[in-house]
Amino acid sequence: MSPAPAPRTLFDKLWDAHVVVPESDSAPAVLYIDLHLIHEVTSPQAFTELRARGIAPRRPDRTKATMDHSTPTLPRDADGRLPYSSAAAEKQVQTLEANCAQYGIELFDMGSDNRGIVHVIAPEQGFTQPGMTIVCGDSHTSTHGAFGALAFGIGTSEVGHVLATQCLLQRKPRTMSITVEGPLAPGVGAKDVALHIIGTIGVNGGTGHVLEFRGSTIEAMDMEQRMTLCNMSIEAGARAGMVAPDQVTFDYMAATPRGPKGADFDAAVAYWKTLRSDDGAHFDAQVAIDASDIRPTLTWGTHPGTAIAIDAPIPAAHDAAARKGLAYMGFDAGHPVAGARVDVVFVGSCTNGRLRDMRDVARVLAGRKVADGVRMLVVPGSEIVKRQAEAEGIDAIVRAAGAQWREPGCSMCIAMNGDLVAPGELAVSTSNRNFEGRQGPGSRTVLASPLSAAWSAVQGRVADVREFFAATPQKEVA
Amino acid sequence: MTTLSPPLSQNPAIQARTVQISSRSVVLRSTNIDTDQIIPARFLSTTERAGLGRFAFNDWRWISEGVPNPEFAFNRPENAGRQILLAGRNFGCGSSREHAPWALTDLGLKAVVSSEIADIFRGNSLKNGLLPVVLDEADVQTLMQRPDDELTIDVAARELRTPDGRIYTFPLDGFSQTCLLEGVDQLGYLLARAPDIARYEATHAR
Ligand code: SF4
């Protein structure tokens with residue numbers, strides 16, 4: 001009898017299944033990529049390079065393209081023109097169109113009913129599937145790990161590698177399990193869990209690792225929450241984050257338009273059920289989090305590792321970086337962030353631009369007004385999210401509250417399309433990065449959940465959404 | 001040095017071999033310098049890769065339009081032409097934009113020395129002829145005391161040497177080392193694996 005195979009982690013299984021040439025001392029592994037997502041900002045130079053070398057994409061059928069970063073979120077003007085913020089932005093979009101047309105790559109363009117942020121539409125369509133390797137020239141590719149896929153961001157040279165060979169050279173990363181146990185309190189969601197984890201392990205706590213999120217808190221999350229969580233893995237420095245697929249995943253996949261169907265679906269599920277870490281599998285690092293410790297969480301500084309609970313005092317600055325962050329934000333150590341006057345509220349991005357996030361915002365805004373002096377943008381992550389939200393009347397609630405309901409795109413998350421926070425303004429944002437100037441030169445960003453963002457918009461100050469839940473009958477709280 | 005089979009093809013973007021870097025240094029003490037600081041997102045609306053150096057550290061370099069910040073390291077005349085950046089811990093975190101190493105090499109930098117360099121940035125740098133050198137924090141702090149020393153970084157020996165004879169070794173995998181020494185890149189290596197890739201596709205990924 002042969003000895004039992006050594007227990008493997010979910011990551012080990014995905015890695016092993018995609019090795020084309022194993023790693024050696026002299027060279028990294030050649031890893032096969034099942035799905036390559038491209039967008040207008042990080043792909044043009046890769047196509048240029050390929051052309052210069054006389055190479056055509058190997059598997060255009062495994063490549064899907066969308067436009068999201070540079071695209072306007074205001075509707076077409078009276079002449080049907082899109083209000084691009086610059087000629088350069090428009091040229092990026094046109095360049096992507098031309099590249100996709102030349103090589104037969106499926107593109108979700110500005111006229112598509114299914115366009116949106118790359119990390120929102122690929123799961124929506126069912127392109128993202130458990131067991132896949134997925135890459136994109138965008139660090140938040142970690143989002144797709146929510147399906148039990150190995151998904152990570154790559155640079156433009158690597159975009160070229162994948163276009164040319166459908167493969168990447170990779171050294172095997174280490175693994176870290178993050179176990180979260182217990183129910184979440186009302187007003188606490190996946191974004192708070194993500195920020196709490198980053199605040200706990202640090203902005204580089206995951207460096208060199210692939211995270212696997214486990215435990216009862218994660219199992220109780222729907223796919224949208226799991227995507228929010230995996231999306232933020234990169235903000236802890238991790239290479240990727242993942243959740244083992246389960247019935248929640250399979251049910252989501254069954255409802256996608258482009259996922260496997262019929263007998264293919266049944267065969268896929270049989271395989272997907274094997275995609276979990278075996279009992280006794282070795283992780284290089286392990287972190288345990290008690291869900292009851294997690295309160296609404298936000299950031300005080302200029303990187304996501306500065307996450308603290310809404311009612312916790314900002315810690316004393318112990319180094320130059322912390323002092324610089326505090327000075328930039330204009331906050332004082334020893335006081336909570338709550339209470340700071342808010343200028344802008346942004347709800348959207350691949351972190352929190354899905355239907356659940358829109359519903360959270362509508363729940364808070366219904367029958368209320370955005371405070372005077374606060375500019376609030378609600379930007380659905382895709383055309384589908386927008387349509388579904390509008391079918392539920394969410395756009396009307398948002399507009400009635402005095403907030404703006406926009407067209408899908410990255411918008412203020414990266415502020416490349418003209419949607420900017422002005423210098424010195426304080427934004428509460430559901431996006432993923434609070435770096436200096438990320439939302440525009442001189443912009444100051446507090447990262448928070450959609451619930452916290454919406455409640456802060458109503459209050460006109462950074463506010464604790466538990467106040468809203470305390471004042472709202474429980475039956476309203478899904 | 002490792003010999004690779006199949007051989008690598010020349011990368012037109014790198015052009016030159018990186019064997020040895022000798023230069024004084026520019027010091028940026030801040031920790032967690034993210035890619036939004038290295039090149040802010042609003043300068044990514046380009047379909048080119050050349051000429052991005054003028055946007056490097058844009059928001060730190062300029063007080064306002066056309067008014068340089070005289071305090072900022074890269075604006076100080078004595079730092080002109082220096083090829084080595086000594087940076088605080090966790091340099092290059094944040095987005096995967098390859099524009100960051102493109103901007104730094106366009107500034108004339110050849111190496112970044114820090115006690116921690118973010119994963120994606122590190123990989124992107126190596127693909128563009130920018131050498132990431134990771135040393136102990138204490139050693140980086142020591143080097144930061146003396147930015148006017150002419151440092152020598154020897155890729156073949158994986159060593160950083162100071163004029164007073166101190167030698168610091170740094171990690172560099174054999175594959176990346178070969179790429180730097182020969183001025184070649186990974187794409188040629190991958191292309192030469194086409195038969196393996198075709199075999200894999202036939203069994204796993206139709
Ligand atoms: S929403 Fe933000 S983080 Fe997500 S893909 Fe767009 S720019 Fe990147």
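Residues numbered from 1 in each chain as written. Chains lettered and ligands numbered in written order. Predicted model: local features only at pLDDT ≥ 70, side-chain atom pairs only at ≥ 80, totals over all residues. Heavy atoms only, no water.

1. Looking at empty space enclosed by the protein
A full pass over the atoms with the stated rule returns eight cavities of 30 Å³ or more. As a volume, the largest cavity reaches approximately 210 Å³. As for the largest cavity, its lining consists of 21 residues, and the residues nearest its centre are His69, Asp138, His140, Ile414 and Arg438 of chain A. Of the residues belonging to the lining of the largest cavity, the class tally is seven nonpolar, ten polar and four charged. Lining the second largest cavity we find 18 residues, and of these Ile234 and Gly237 of chain A together with Cys93, Gly94 and Ala118 of chain B sit closest to its centre. By residue class, the composition of the lining of the second largest cavity is eight nonpolar, seven polar and three charged. (1 Å grid on protein atoms, 1.4 Å probe; cavity = no way out; pocket = protein on both sides within 12 Å on 5 of 7 lines; lining within 4 Å. Points joined across faces, edges and corners; volume = space filled by probe spheres on them. Nonpolar A, V, L, I, M, F, W, Y, C, P; charged D, E, K, R; others polar.)

2. Comments concerning the site of the ligand
Residue and element names in this part refer to chain A. The full set of residues close to the ligand is His69, Ile117, His119, Asp138, His140, Ser349, Cys350, Cys410, Cys413, Ile414, Asn432 and Arg438. Here the ligand occupies the largest cavity. Across the shell around the ligand, the residue classes break down as five nonpolar, five polar and two charged. (Near = heavy atom within 4 Å. Sits in = over half its atoms within 2 Å of the grid points.)

3. A short note on helix α6 (residues 190–201) of chain A
Residues and elements named next belong to chain A. Between its first and last C-alpha, α6 extends 16 Å over twelve residues, near the 16 Å set by a 1.5 Å rise per residue. Buried residues dominate α6, accounting for ten of its twelve residues. Three or more residues of α6 are buried, namely Ala190, Lys191, Asp192, Val193, Ala194, Leu195, His196, Ile197, Ile198 and Ile201. A positive phi of about 95 degrees marks glycine 202, the residue just after α6. (Helix = DSSP H or I, 4+ residues; strand = E, 2+ residues; numbered from the N terminus. Expected span 1.5 Å × (residues − 1). Buried < 20%, exposed > 50% of the residue type's maximum accessible area, 1.4 Å probe, protein only.)

4. A few points about the confidence of the model for chain B
Averaged over chain B, the pLDDT score is 88; the fraction of residues at 70 or greater is 91%. As a predicted assembly, this complex carries a pTM of 0.90 together with an ipTM value of 0.91. (pLDDT = per-residue confidence, 0-100.)

5. What about the interface of chain A and chain B?
Counting residues at the interface gives 63 residues for chain A, matched by 58 residues for chain B. At the boundary of chain A with chain B, total buried surface from both sides reaches about 4600 Å², with 55% on carbon and sulfur atoms. Summed over the shared surface of chain A and chain B, the result is five salt bridges. When the shortest N-O distance is used, the salt bridge between glutamate 158 of chain A and lysine 127 of chain B registers 3.2 Å. Taken together, the connections running from chain A to chain B amount to 18 residue pairs in polar contact (both at pLDDT 80 or more). Among the secondary structure elements, those contributing two or more residues to the side of chain A that touches chain B are α1 (10–18), β1 (19–21), β2 (29–32), α2 (44–53), α3 (87–103), α5 (156–165), β8 (167–170) and α11 (320–329) of chain A. Top element by residues in the side of chain A that touches chain B is α5 of chain A. It accounts for seven residues. Split into classes, the residues belonging to the side of chain A that touches chain B amount to 27 nonpolar, 22 polar and 14 charged. (Contact = heavy atoms within 4.5 Å. Buried area = accessible area lost by both parts, 1.4 Å probe. Salt bridge = Lys/Arg side-chain N within 4 Å of Asp/Glu carboxyl O. Polar contact = N/O pair within 3.5 Å; in protein donor to acceptor, adjacent residues only side chain to side chain.)

6. A closer look at α2 of chain A
All names here are of chain A. The buried count for α2 comes to seven of ten residues, which makes it a mostly enclosed element. All of the buried residues along α2 are Pro44, Gln45, Ala46, Phe47, Glu49, Leu50 and Arg53. Following α2 by one or two positions, glycine 54 adopts a phi angle in the positive range, close to 70 degrees.

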